[in-house]
Structure formats: structure tokens, C-alpha cells
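# Secondary and tertiary structure notes
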Amino acid sequence: MDLDTMVSRGVRHVTALTQLKPGHVVSMKPKGNNGAWLLRLEFVEKESIPESMDILGVYEVELDHDGNVTEFARTGLRQRADTG
């Protein structure tokens, strides 16, 4: 399965599980030699005005070779303006 499809599936699964608005792909790397992938994705936890004060959740999602979620966890929160 190509990377675009894996990312789309990961975003779709997390959106369905959390009902949050997708943000950005932070990272993506293979996990083992079985075709599994580990994605780090950002989602908007709380929208604010100004937008730079939005609260973003960082989620790690492990997908098997078919694009099915095998692990899922929120690993952190940050304000959109925080870059460090």
C-alpha cells in the first residue's frame, strides 16, 4: 500500500475515533518488516481566536500492512504557536 493511502487511512481512523479536525502529519516511519507504519499526526483539540492559540493534540497511530489501526494514543498537547 502506498504512503498516501496509509496516511489517508490513519487520518480517517483518528478522525472517526476522536471526532477532531485533522491538522498535519508530523512523521511517518515503518515499524518492523511486516509492512506496518507508525504515524504521528496533529489534530485540533480546541479552536481559539487567534488561531495561533489553538490547542493541538499529537497522536501516534500504528497501522498494519492493510491500513488497519493496531495501536492508538494521544502523546501530547501543544499550542499551535509553540514551535519548540
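This structure is a prediction, so every number in the text was calculated from the model and none was measured.

A count of helices and strands for the chain gives 1 helix and 4 strands. In terms of overall dimensions, the chain is globule-like: its C-alpha atoms have a radius of gyration of 13 Å, near the 12 Å expected for 84 residues. Overall, the C-alpha framework of the chain stretches about 45 × 25 × 20 Å when taken along its three principal axes. Looking at the chain as a whole, 29% of its 84 residues are labelled buried. Put simply, of all contacts in the chain between residues at least 6 apart along the chain, 42% involve residues at least 24 apart. Of the roughly 5,300 Å² of accessible surface on the chain, a fraction of 50% belongs to carbon and sulfur atoms. Distance from the positive charge centre (10 side chains) to the negative charge centre (13 side chains) of the chain: 3 Å.

This brings us to the environment of proline 22. Mapped onto the elements, proline 22 comes out in strand S1 (residues 21-31). Each C-alpha atom, one on proline 22 and one on valine 44, is 6.4 Å from the other, the two residues being 22 residues apart in sequence.

With that settled, the discussion passes to unusual backbone geometry. The general pattern is negative phi for most residues beyond glycine and trans for most peptide bonds. Of note, the bond from isoleucine 49 into proline 50 is cis; its omega dihedral lies within 30 degrees of zero at 5°. Within the element layout of this structure, proline 50 appears in the loop between strand S2 (36-46) and strand S3 (55-63).

Another aspect to go through is the pattern of salt bridges. Within this structure, the stated rule accounts for 6 salt bridges. The closest approach of N and O atoms between glutamate 60 and arginine 40, which form a salt bridge, is 3.6 Å. You can see glutamate 60 sitting in strand S3 and its partner arginine 40 sitting in strand S2, a full 20 residues away along the chain. Here arginine 74 and glutamate 45 are joined by a salt bridge, their closest N and O atoms 3.4 Å apart.

What counts as what
- Residues numbered from 1 in each chain as written.
- Predicted model: local features only at pLDDT ≥ 70, side-chain atom pairs only at ≥ 80, totals over all residues.
- Heavy atoms only, no water.
- Helix = DSSP H or I, 4+ residues; strand = E, 2+ residues; numbered from the N terminus.
- Rg over C-alpha atoms; globule rule 2.2 N^0.38 Å.
- Buried < 20%, exposed > 50% of the residue type's maximum accessible area, 1.4 Å probe, protein only.
- Contact = heavy atoms within 4.5 Å.
- Areas by Shrake-Rupley, 256 points an atom, 1.4 Å probe, with all protein chains shown as cover.
- Lys, Arg positive; Asp, Glu negative; His and termini not counted.
- Charge placed at Lys NZ, Arg CZ, Asp CG, Glu CD.
- Salt bridge = Lys/Arg side-chain N within 4 Å of Asp/Glu carboxyl O.

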